[in-house]
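Structural characterization, general
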Amino acid sequence: MHRLSRRLFLAALVTLAVAAASPSWAADKLRVVATFTILGDMVRNVGGEHVALTTLVGPDGDAHVYEPTPADARALAQADLVLVNGLGFEGWIDRLVKASGYKGPVAVASEGIALLRAEEDHGHGHHGDEFDPHAWQDLVNGRLYVINIARALATADTARADDYRRRAEAYDRELVTLDRDIRSRLDGVPAERRKVITSHDAFRYFGRAYGIGFHAPVGLSTEDEPSVGEVAALIRQMRDEGIRTLFVDNITDARLVQQLAREAEAVIGGTLYSDSLSGTTGPAPTYLDMFRHNAGEIVKAFTN
(Lines give C-alpha, C1' and ligand atoms only; values in the text may rest on other atoms or scores of the structure.)
Protein backbone atom coordinates (compact mmCIF):
# COMPACT_ATOMS: atom_id res chain seq x y z
CA MET A 1 0.00 0.00 0.00
CA HIS A 2 1.25 3.44 -0.85
CA ARG A 3 1.97 5.96 1.88
CA LEU A 4 2.89 9.63 1.99
CA SER A 5 5.84 10.21 4.31
CA ARG A 6 5.77 12.88 6.99
CA ARG A 7 8.98 14.32 5.55
CA LEU A 8 7.44 14.70 2.09
CA PHE A 9 4.38 16.41 3.54
CA LEU A 10 6.43 18.89 5.58
CA ALA A 11 8.75 19.58 2.65
CA ALA A 12 5.78 20.48 0.49
CA LEU A 13 4.27 22.72 3.15
CA VAL A 14 7.43 24.55 4.18
CA THR A 15 7.43 26.33 0.83
CA LEU A 16 4.21 28.04 1.90
CA ALA A 17 6.06 30.01 4.57
CA VAL A 18 8.18 31.77 1.96
CA ALA A 19 5.10 33.46 0.58
CA ALA A 20 4.43 35.20 3.88
CA ALA A 21 6.90 38.00 3.10
CA SER A 22 4.75 39.28 0.21
CA PRO A 23 1.61 41.44 0.45
CA SER A 24 -1.81 39.75 0.59
CA TRP A 25 -4.29 39.96 -2.26
CA ALA A 26 -6.99 40.99 0.14
CA ALA A 27 -6.97 42.60 3.57
CA ASP A 28 -10.20 40.85 4.53
CA LYS A 29 -11.30 37.23 4.24
CA LEU A 30 -10.25 35.32 1.15
CA ARG A 31 -13.31 34.53 -0.96
CA VAL A 32 -13.04 30.88 -1.99
CA VAL A 33 -15.39 28.71 -4.07
CA ALA A 34 -15.15 24.92 -3.71
CA THR A 35 -17.11 22.73 -6.07
CA PHE A 36 -18.46 20.08 -3.65
CA THR A 37 -18.79 19.38 0.06
CA ILE A 38 -15.78 17.10 0.58
CA LEU A 39 -13.48 19.66 -0.97
CA GLY A 40 -15.25 22.45 0.90
CA ASP A 41 -14.66 20.73 4.25
CA MET A 42 -10.95 20.41 3.51
CA VAL A 43 -10.81 24.11 2.62
CA ARG A 44 -12.60 24.96 5.87
CA ASN A 45 -10.07 22.97 7.89
CA VAL A 46 -7.05 24.59 6.24
CA GLY A 47 -8.47 28.09 5.77
CA GLY A 48 -10.33 28.50 9.03
CA GLU A 49 -11.51 31.98 9.89
CA HIS A 50 -9.46 33.53 7.09
CA VAL A 51 -11.71 32.14 4.36
CA ALA A 52 -15.23 33.06 3.24
CA LEU A 53 -16.25 29.77 1.64
CA THR A 54 -18.96 29.02 -0.91
CA THR A 55 -19.57 25.34 -1.76
CA LEU A 56 -21.51 24.83 -4.97
CA VAL A 57 -22.86 21.26 -4.71
CA GLY A 58 -24.39 20.89 -1.26
CA PRO A 59 -24.81 17.97 1.18
CA ASP A 60 -25.99 14.71 -0.42
CA GLY A 61 -25.67 16.43 -3.81
CA ASP A 62 -24.48 14.70 -6.98
CA ALA A 63 -21.71 16.66 -8.69
CA HIS A 64 -21.83 14.33 -11.71
CA VAL A 65 -25.23 15.66 -12.79
CA TYR A 66 -25.22 19.05 -11.09
CA GLU A 67 -26.61 22.02 -13.00
CA PRO A 68 -25.08 25.35 -11.91
CA THR A 69 -27.37 28.21 -10.93
CA PRO A 70 -27.14 32.00 -11.45
CA ALA A 71 -26.12 32.22 -7.78
CA ASP A 72 -23.15 29.96 -8.55
CA ALA A 73 -22.06 32.26 -11.37
CA ARG A 74 -22.29 35.26 -9.02
CA ALA A 75 -20.20 33.44 -6.41
CA LEU A 76 -17.47 32.77 -8.95
CA ALA A 77 -17.56 36.33 -10.25
CA GLN A 78 -16.80 37.58 -6.73
CA ALA A 79 -14.23 34.91 -5.82
CA ASP A 80 -10.49 35.24 -5.24
CA LEU A 81 -9.88 31.51 -5.71
CA VAL A 82 -11.75 28.52 -7.14
CA LEU A 83 -10.86 24.99 -6.01
CA VAL A 84 -11.93 21.94 -8.04
CA ASN A 85 -11.36 18.21 -7.85
CA GLY A 86 -10.48 17.92 -11.53
CA LEU A 87 -10.21 14.64 -13.49
CA GLY A 88 -13.51 15.41 -15.21
CA PHE A 89 -15.49 15.11 -11.98
CA GLU A 90 -17.10 18.53 -12.40
CA GLY A 91 -17.96 18.32 -16.09
CA TRP A 92 -19.81 21.63 -15.85
CA ILE A 93 -17.10 23.76 -14.22
CA ASP A 94 -15.44 25.12 -17.38
CA ARG A 95 -18.78 26.37 -18.68
CA LEU A 96 -19.54 27.95 -15.32
CA VAL A 97 -16.18 29.72 -15.15
CA LYS A 98 -16.70 31.12 -18.63
CA ALA A 99 -20.28 32.20 -17.94
CA SER A 100 -19.31 33.93 -14.69
CA GLY A 101 -16.47 35.92 -16.23
CA TYR A 102 -14.13 34.71 -13.49
CA LYS A 103 -10.46 35.36 -14.40
CA GLY A 104 -8.71 34.26 -11.20
CA PRO A 105 -6.84 31.06 -10.36
CA VAL A 106 -8.51 27.65 -10.56
CA ALA A 107 -6.60 25.19 -8.36
CA VAL A 108 -6.92 21.42 -8.91
CA ALA A 109 -6.93 19.60 -5.57
CA SER A 110 -6.16 16.17 -7.07
CA GLU A 111 -2.84 17.26 -8.60
CA GLY A 112 -0.05 14.74 -7.99
CA ILE A 113 -2.30 11.82 -7.05
CA ALA A 114 -1.35 8.26 -8.09
CA LEU A 115 -4.42 7.83 -10.26
CA LEU A 116 -6.49 4.79 -11.08
CA ARG A 117 -7.51 4.41 -14.70
CA ALA A 118 -11.14 3.96 -15.59
CA GLU A 119 -11.88 0.28 -16.07
CA GLU A 120 -12.01 -0.28 -19.81
CA ASP A 121 -14.08 -3.42 -19.46
CA HIS A 122 -16.82 -1.87 -17.32
CA GLY A 123 -19.00 -1.27 -20.32
CA HIS A 124 -19.99 2.31 -19.55
CA GLY A 125 -18.19 4.15 -22.30
CA HIS A 126 -14.97 4.95 -20.42
CA HIS A 127 -11.68 4.75 -22.26
CA GLY A 128 -8.12 3.94 -21.25
CA ASP A 129 -7.04 7.59 -21.16
CA GLU A 130 -9.66 8.46 -18.53
CA PHE A 131 -9.07 8.31 -14.80
CA ASP A 132 -11.24 7.59 -11.80
CA PRO A 133 -11.93 11.03 -10.27
CA HIS A 134 -12.88 9.79 -6.77
CA ALA A 135 -9.32 10.10 -5.45
CA TRP A 136 -10.40 11.52 -2.07
CA GLN A 137 -11.60 8.00 -1.12
CA ASP A 138 -8.08 7.23 0.12
CA LEU A 139 -6.86 9.21 3.14
CA VAL A 140 -3.31 9.20 1.78
CA ASN A 141 -4.67 11.01 -1.28
CA GLY A 142 -6.62 13.26 1.07
CA ARG A 143 -3.31 14.38 2.55
CA LEU A 144 -2.15 15.41 -0.92
CA TYR A 145 -5.41 17.31 -1.42
CA VAL A 146 -4.57 19.21 1.78
CA ILE A 147 -1.10 20.09 0.47
CA ASN A 148 -2.58 21.41 -2.76
CA ILE A 149 -5.30 23.37 -0.95
CA ALA A 150 -2.82 24.92 1.47
CA ARG A 151 -0.54 25.92 -1.38
CA ALA A 152 -3.41 27.49 -3.32
CA LEU A 153 -4.65 29.44 -0.29
CA ALA A 154 -1.16 30.67 0.55
CA THR A 155 -0.53 31.80 -3.02
CA ALA A 156 -3.82 33.69 -3.09
CA ASP A 157 -3.41 35.13 0.44
CA THR A 158 0.31 35.39 1.09
CA ALA A 159 0.12 37.36 4.34
CA ARG A 160 -1.51 34.38 6.08
CA ALA A 161 0.57 31.62 4.48
CA ASP A 162 2.11 30.60 7.81
CA ASP A 163 -1.30 30.07 9.36
CA TYR A 164 -2.48 27.97 6.42
CA ARG A 165 0.64 25.86 6.80
CA ARG A 166 0.09 25.33 10.53
CA ARG A 167 -3.55 24.44 10.07
CA ALA A 168 -2.70 22.01 7.25
CA GLU A 169 -0.12 20.30 9.44
CA ALA A 170 -2.64 19.89 12.27
CA TYR A 171 -5.26 18.54 9.89
CA ASP A 172 -2.72 16.14 8.39
CA ARG A 173 -2.08 14.63 11.82
CA GLU A 174 -5.79 13.85 12.12
CA LEU A 175 -5.81 12.19 8.69
CA VAL A 176 -2.77 10.06 9.57
CA THR A 177 -4.32 8.93 12.86
CA LEU A 178 -7.62 7.98 11.21
CA ASP A 179 -5.88 6.11 8.38
CA ARG A 180 -3.92 4.08 10.95
CA ASP A 181 -7.11 3.32 12.89
CA ILE A 182 -8.99 2.09 9.81
CA ARG A 183 -6.14 -0.22 8.83
CA SER A 184 -6.07 -1.63 12.35
CA ARG A 185 -9.83 -2.29 12.32
CA LEU A 186 -9.61 -4.15 9.01
CA ASP A 187 -6.57 -6.25 9.94
CA GLY A 188 -8.66 -9.10 11.28
CA VAL A 189 -10.94 -9.42 8.23
CA PRO A 190 -9.99 -12.39 5.98
CA ALA A 191 -9.13 -11.45 2.40
CA GLU A 192 -11.86 -13.67 0.97
CA ARG A 193 -14.53 -11.64 2.80
CA ARG A 194 -13.31 -8.26 1.56
CA LYS A 195 -15.73 -7.90 -1.34
CA VAL A 196 -18.42 -5.24 -1.54
CA ILE A 197 -21.16 -4.14 -3.94
CA THR A 198 -21.94 -0.39 -4.02
CA SER A 199 -24.40 1.68 -6.03
CA HIS A 200 -21.83 3.29 -8.32
CA ASP A 201 -18.12 2.88 -8.94
CA ALA A 202 -16.83 5.46 -6.45
CA PHE A 203 -14.76 3.43 -3.98
CA ARG A 204 -11.88 1.91 -5.91
CA TYR A 205 -9.35 4.22 -4.22
CA PHE A 206 -10.73 3.08 -0.86
CA GLY A 207 -10.37 -0.49 -2.10
CA ARG A 208 -6.77 0.01 -3.20
CA ALA A 209 -5.87 1.62 0.12
CA TYR A 210 -7.46 -0.97 2.39
CA GLY A 211 -7.45 -4.17 0.36
CA ILE A 212 -11.17 -4.37 -0.46
CA GLY A 213 -12.70 -5.42 -3.78
CA PHE A 214 -15.48 -2.99 -4.72
CA HIS A 215 -17.91 -3.78 -7.52
CA ALA A 216 -20.81 -1.69 -8.82
CA PRO A 217 -23.60 -1.93 -11.38
CA VAL A 218 -23.12 1.75 -12.36
CA GLY A 219 -19.84 3.20 -13.60
CA LEU A 220 -17.72 6.14 -12.43
CA SER A 221 -20.49 8.63 -13.15
CA THR A 222 -24.02 8.34 -11.84
CA GLU A 223 -25.14 9.24 -15.37
CA ASP A 224 -24.06 5.77 -16.53
CA GLU A 225 -26.77 3.15 -16.97
CA PRO A 226 -25.88 -0.55 -16.89
CA SER A 227 -27.34 -2.90 -19.46
CA VAL A 228 -29.48 -5.90 -18.53
CA GLY A 229 -26.52 -8.11 -19.40
CA GLU A 230 -24.16 -6.21 -17.10
CA VAL A 231 -26.58 -6.48 -14.19
CA ALA A 232 -27.02 -10.21 -14.84
CA ALA A 233 -23.24 -10.69 -14.96
CA LEU A 234 -22.84 -8.92 -11.62
CA ILE A 235 -25.54 -11.13 -10.05
CA ARG A 236 -23.69 -14.23 -11.32
CA GLN A 237 -20.45 -12.89 -9.88
CA MET A 238 -22.11 -12.29 -6.52
CA ARG A 239 -23.42 -15.86 -6.45
CA ASP A 240 -20.16 -17.43 -7.68
CA GLU A 241 -17.92 -15.50 -5.28
CA GLY A 242 -20.30 -15.44 -2.35
CA ILE A 243 -20.48 -11.63 -2.20
CA ARG A 244 -23.09 -10.80 0.43
CA THR A 245 -22.11 -7.26 1.42
CA LEU A 246 -24.08 -4.53 -0.40
CA PHE A 247 -24.36 -0.82 0.24
CA VAL A 248 -26.34 2.04 -1.21
CA ASP A 249 -24.39 5.26 -1.55
CA ASN A 250 -25.92 8.54 -0.49
CA ILE A 251 -26.25 10.17 -3.92
CA THR A 252 -27.85 7.34 -5.90
CA ASP A 253 -31.21 5.61 -6.24
CA ALA A 254 -31.37 2.49 -4.05
CA ARG A 255 -33.57 0.43 -6.36
CA LEU A 256 -30.83 -1.23 -8.42
CA VAL A 257 -28.91 -2.34 -5.33
CA GLN A 258 -32.17 -3.61 -3.86
CA GLN A 259 -32.71 -5.68 -7.01
CA LEU A 260 -29.21 -7.15 -6.74
CA ALA A 261 -29.83 -8.05 -3.10
CA ARG A 262 -33.07 -9.85 -3.97
CA GLU A 263 -31.58 -11.75 -6.92
CA ALA A 264 -28.46 -12.85 -5.02
CA GLU A 265 -30.26 -13.41 -1.71
CA ALA A 266 -28.03 -10.87 0.02
CA VAL A 267 -28.68 -8.11 2.54
CA ILE A 268 -28.05 -4.37 2.13
CA GLY A 269 -25.73 -3.19 4.89
CA GLY A 270 -26.57 0.48 4.96
CA THR A 271 -25.50 3.75 3.34
CA LEU A 272 -21.98 4.78 2.37
CA TYR A 273 -21.00 8.36 1.57
CA SER A 274 -19.25 8.57 -1.78
CA ASP A 275 -19.21 11.93 -3.59
CA SER A 276 -20.82 14.14 -0.97
CA LEU A 277 -21.00 14.65 2.78
CA SER A 278 -24.20 14.53 4.78
CA GLY A 279 -25.86 17.54 6.33
CA THR A 280 -24.77 18.66 9.79
CA THR A 281 -27.23 16.31 11.53
CA GLY A 282 -26.20 13.28 9.44
CA PRO A 283 -23.47 10.72 10.12
CA ALA A 284 -20.91 12.24 7.73
CA PRO A 285 -20.86 16.05 8.01
CA THR A 286 -17.06 16.22 7.59
CA TYR A 287 -14.43 14.37 5.56
CA LEU A 288 -13.10 12.69 8.70
CA ASP A 289 -16.61 11.73 9.80
CA MET A 290 -17.29 10.31 6.33
CA PHE A 291 -14.34 7.94 6.62
CA ARG A 292 -15.22 6.96 10.17
CA HIS A 293 -18.79 6.20 9.11
CA ASN A 294 -17.91 4.33 5.90
CA ALA A 295 -15.18 2.25 7.52
CA GLY A 296 -17.43 1.46 10.47
CA GLU A 297 -20.27 0.30 8.22
CA ILE A 298 -17.94 -1.86 6.13
CA VAL A 299 -16.20 -3.45 9.12
CA LYS A 300 -19.59 -4.15 10.75
CA ALA A 301 -20.83 -5.87 7.59
CA PHE A 302 -17.64 -7.94 7.29
CA THR A 303 -17.71 -9.10 10.90
CA ASN A 304 -21.42 -9.87 11.32
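Everything below is about the structure printed above this text.
Calculation criteria
- Residues numbered from 1 in each chain as written.
- Predicted model: local features only at pLDDT ≥ 70, side-chain atom pairs only at ≥ 80, totals over all residues.
- Heavy atoms only, no water.
- Helix = DSSP H or I, 4+ residues; strand = E, 2+ residues; numbered from the N terminus.
- Buried < 20%, exposed > 50% of the residue type's maximum accessible area, 1.4 Å probe, protein only.
- Contact = heavy atoms within 4.5 Å.
- Areas by Shrake-Rupley, 256 points an atom, 1.4 Å probe, with all protein chains shown as cover.
- Polar contact = N/O pair within 3.5 Å; in protein donor to acceptor, adjacent residues only side chain to side chain.
- Salt bridge = Lys/Arg side-chain N within 4 Å of Asp/Glu carboxyl O.
- Pairing = 2+ DSSP bridges.
- Axes fitted to C-alpha atoms, helices over the stretch in contact; angles between N-to-C directions.

A tally of helices and strands in the protein chain yields 10 helices and eight strands. Counting the 304 residues in the protein chain, one finds 54% classified as buried. Taking the intrachain contacts of the protein chain between residues at least 6 apart in sequence as the baseline, contacts between residues at least 24 apart amount to 69%. Carbon and sulfur atoms make up 51% of the accessible area of the protein chain, which totals about 13400 Å².

Once that is clear, we can look at the side chain of histidine 50. Summarising the element assignment, histidine 50 is placed in the loop between α2 (37–47) and β2 (51–57). The buried category is assigned to histidine 50, whose relative accessible area is 14%. Side-chain polar atoms of histidine 50 contact the side chain of aspartate 163, separated by 2.5 Å. Filtering out sequence-adjacent residues up to four positions away, histidine 50 remains in contact with Lys29, Leu30, Arg160, Asp163 and Tyr164.

In this section: the pattern of salt bridges. By the definition in use, this model includes 13 salt bridges. A salt bridge links arginine 44 to aspartate 41; the nearest nitrogen and oxygen atoms lie 3.9 Å apart. Linking arginine 44 with aspartate 41, this pair stays in helix α2, spanning three residues, or about one helical turn. Judged by its relative accessible area of 47%, arginine 44 is partly exposed. A salt bridge links arginine 160 to aspartate 157; the nearest nitrogen and oxygen atoms lie 2.7 Å apart. Aspartate 157 matches arginine 160 in its accessibility class, with the two residues each being buried. A network of salt bridges, in which partner residues are shared, links Asp132, Asp201 and Arg204.

Let's shift gears to the pairing of strand β7 (residues 245–249). Within a regular strand, the side chains alternate between the two sheet faces. Burial runs high along β7: five of the five residues are buried. Of the pairings in the sheet, the one linking β7 to strand β8 (residues 267–272) comprises four bridges and is parallel in character. Within β8, the position partnered with aspartate 249 by the bridge is leucine 272.

Overall, parallel pairing links the four strands, which are arranged β2-β1-β3-β4 in an open sheet. Each edge of the open sheet carries a strand with a single partner, namely β2 and β4 (106–108). Each strand axis lies, on average, 25° off the axis of its neighbour in the sheet, ignoring direction. Note: strand β3 (residues 81–84) against β4, three bridges, orientation parallel. Directly across from valine 82, in β4, lies its bridge partner valine 106. Along the sheet face, helix α5 (residues 139–156) touches β1 (30–36), β2, β3 and β4 and points at about 170° away from the line of β3.

The topology assignment puts arginine 183 in helix α6 (residues 161–186). As for arginine 183 and alanine 209, which are separated by 26 residues in sequence, their C-alpha atoms are 8.9 Å apart. Among the polar contacts listed, one links the side chain of arginine 183 to the side chain of aspartate 179, at a separation of 3.0 Å. A distance of 2.8 Å separates the side chain of arginine 183 from the backbone oxygen of alanine 209, its partner in a polar contact.

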